[in-house]
Amino acid sequence: MPNLRVLSGATLLLGLSWTSAPPAGAHAFLDHAVPRVGSTVSAAPSELVLAFTQELEPAFSTVEVLNEQGAKVDKGDVQVDPHDGTLLRVSLNPLAPGTYKVIWRVVSVDTHPTEGDFTFHVAP
Ligand SMILES: [Cu+2]
């Protein structure tokens, strides 16, 4: 029969390593955006801002904005806000009325990648 004290010690260690693992769901999810997800804006925005639930890893966080023809309409100057690491910004070319698709892919500071997309509409 195995030594019970050694066995319970191993079980305790295993239990501790489980509880000290990072909490599941601690990723950077999109909290909100400007323009808002799915919204219709009357004035063409000059910038898109995405706000995430966690700080981002700037080197691995990006966003792209496409028009209905799939052409890129952002200026490619994607930047994590230097004063708020949860904000991802990109400047936009002048937008004609239409539907625009936002595709984002980010890595949070805990190294977990997340991605998603949404649309907004410009209808003056
Ligand atoms: Cu995470």
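The rules we used
- Residues numbered from 1 in each chain as written.
- Predicted model: local features only at pLDDT ≥ 70, side-chain atom pairs only at ≥ 80, totals over all residues.
- Heavy atoms only, no water.
- Pairing = 2+ DSSP bridges.
- Helix = DSSP H or I, 4+ residues; strand = E, 2+ residues; numbered from the N terminus.
- Salt bridge = Lys/Arg side-chain N within 4 Å of Asp/Glu carboxyl O.
- Buried < 20%, exposed > 50% of the residue type's maximum accessible area, 1.4 Å probe, protein only.

Participant: So what exactly am I meant to see when it comes to the sheet that holds strand E8 (residues 113-122) here?
Facilitator: Pairing between the strands of a sheet is mediated by backbone hydrogen bonds and can be parallel or antiparallel. Spatially, four strands are ordered E2-E8-E7-E4 in an open sheet, and the strand pairing comes out mixed. Only two strands of the sheet have a single neighbouring strand rather than two, namely strand E2 (40-41) and strand E4 (62-66).

Participant: Mind showing me how you'd approach the sheet that holds strand E1 (residues 30-34) here?
Facilitator: In spatial order, the strands read E1-E3-E6-E5; together these four strands make up an open sheet with antiparallel pairing. Of all strands in the sheet, those with a lone pairing partner are E1 and strand E5 (79-80), marking the two edges. Note that E1 and strand E3 (residues 47-52) share four bridges and pair antiparallel. In the strand pairing of E3, His32 is matched with Ala51.

Participant: Any chance you could explain the pattern of salt bridges here in plain terms?
Facilitator: Taken as a whole, this structure holds four salt bridges when the rule is applied. Its salt-bridge partner being Arg89, residue Glu47 comes within 3.2 Å of it at the nearest N-O pair. Within this pair, whereas Glu47 is found in strand E3, its partner Arg89 is found in strand E6 (residues 87-91), the two being separated by 42 residues in sequence. A residue is classified by how much of its surface remains accessible, and Arg89, at 24% relative accessible area, is partly exposed. Notably, a salt bridge pairs Asp81 with Arg89, separated by 2.9 Å at the nearest N-O pair. The network of salt bridges with shared partners includes Glu47, Asp81 and Arg89.

Participant: Please clarify how unusual backbone geometry should be interpreted in this entry.
Facilitator: Working note: non-glycine residues mostly have negative phi, and peptide bonds are mostly trans. Pro35 follows Val34 through a cis peptide bond whose omega is 0 degrees. The residue Pro35 is located in the loop between E1 and E2 in this model. At Thr111, a position not held by glycine, the phi torsion is positive, near 70 degrees. The class for Thr111 is exposed, based on a relative accessible area of 59%.

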